[in-house]
Amino acid sequence: MLVLEWIGIGVLVLFAALAVLFIRRALVTRSGGIIRLSVRVTTVLDGRGWSPGFGRFARDELRWYRMFSFAIRPKRVLRRKDLTVESRRLPEGQERLSMPADWVILSCTSRHVPVEIAMARSTVTGFLSWLEAAPPGAVSPRLAPQDRPAA
C-alpha cells in the first residue's frame, strides 16, 4: 500500500507541474502579439546554445520567455530603442538540427552587447517593421540628422 501512495503522490506532483506550465503560458500569451523565437544564450560551442521560447511585443519591448520554464517574468527584454539588427543569415552546421528549416538568424546588438535571435522567415518582416516603427510625433534614432524632419 505504501508503494501505491508514493506513486499517487508522484502522479499528483507531475499533474501540478504541468498545470503550472499551462497556466504560466496562458498568462503570458493572454494579450496577443506572440511569436516563436529562439535566443542564443551561450556561444561556448559553435552552432549550439540556442534556447527555444516565444516573444511577446509589449509597447516598446520584446519580452522573451523560455519555452520550458516556470518563471512568469521574461528571461530577456529587448528594448526597441536599444536594438539594432547588424546582419541576417541562414542556420549553419549544428544550428540546422536545432531549429526549423525556414528560420532566419538575426545578429543584433542591444546596448552594445551582441544578441542572436532566430525566427521564422515569415516573422522577420513583422519584427523589422516593429523595430523601425515609432509612435506619432517621435523621431526614430535610426535616422541620420539630415533625414530628420524639421521641427
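Notes on the structure follow. (Residues numbered from 1 in each chain as written. Predicted model: local features only at pLDDT ≥ 70, side-chain atom pairs only at ≥ 80, totals over all residues. Heavy atoms only, no water.)

### Regarding the overall build of the chain
Then step 1. When you go through the chain residue by residue, the secondary structure sums to 3 helices and 7 strands.
Then step 2. The N-to-C order of helical and strand elements in the chain reads α-β-β-β-β-β-α-β-β-α.
Then step 3. Scored against the burial criterion, the 151 residues of the chain give a buried share of 31%.
Then step 4. Residue pairs in contact within the chain that sit at least 24 positions apart in sequence constitute 42% of those at least 6 positions apart.
Then step 5. When the accessible surface of the chain is totalled, it reaches about 10200 Å², and 61% of it is carbon and sulfur. (Helix = DSSP H or I, 4+ residues; strand = E, 2+ residues; numbered from the N terminus. Buried < 20%, exposed > 50% of the residue type's maximum accessible area, 1.4 Å probe, protein only. Contact = heavy atoms within 4.5 Å. Areas by Shrake-Rupley, 256 points an atom, 1.4 Å probe, with all protein chains shown as cover.)

### Describing a nonpolar patch on the surface
Then step 1. A contiguous nonpolar surface patch, about 830 Å² in accessible area, is contributed by V3, L4, I7, V11, L14, F15, L18 and F22.
Then step 2. Following the sequence through the fold, L4 ends up in helix α1 (residues 2–28).
Then step 3. A relative accessible area of 59% means that L4 is categorised as exposed. (Patch = residues over 30% accessible without salt bridge, like charges linked within 9 Å, V, L, I, M, F, W, Y side chains within 5 Å. Salt bridge = Lys/Arg side-chain N within 4 Å of Asp/Glu carboxyl O.)

### Details of the pattern of salt bridges
Then step 1. Counted according to the given criterion, the structure contains 9 salt bridges.
Then step 2. We note a salt bridge from E116 to R40, for which the minimum N-O separation is 2.9 Å. Separated by 76 residues along the polypeptide, E116 in strand β7 (residues 113–120) and R40 in strand β1 (residues 34–40) bring together distant segments of the chain.
Then step 3. With a relative accessible area of 11%, R40 lands in the buried category.
Then step 4. One salt bridge connects D82 with R111, and the closest N-O pair in it is separated by 3.1 Å. With a gap of 29 residues between them, D82 in the loop between β4 (76–79) and β5 (83–89) and R111 in the loop between β6 (103–110) and β7 connect regions that are remote in the sequence.
Then step 5. The class of R111 is exposed, set by a relative accessible area of 54%.
Then step 6. Within the structure, one salt-bridge network assembled from shared partners comprises R40, R89, E92, E95 and E116.

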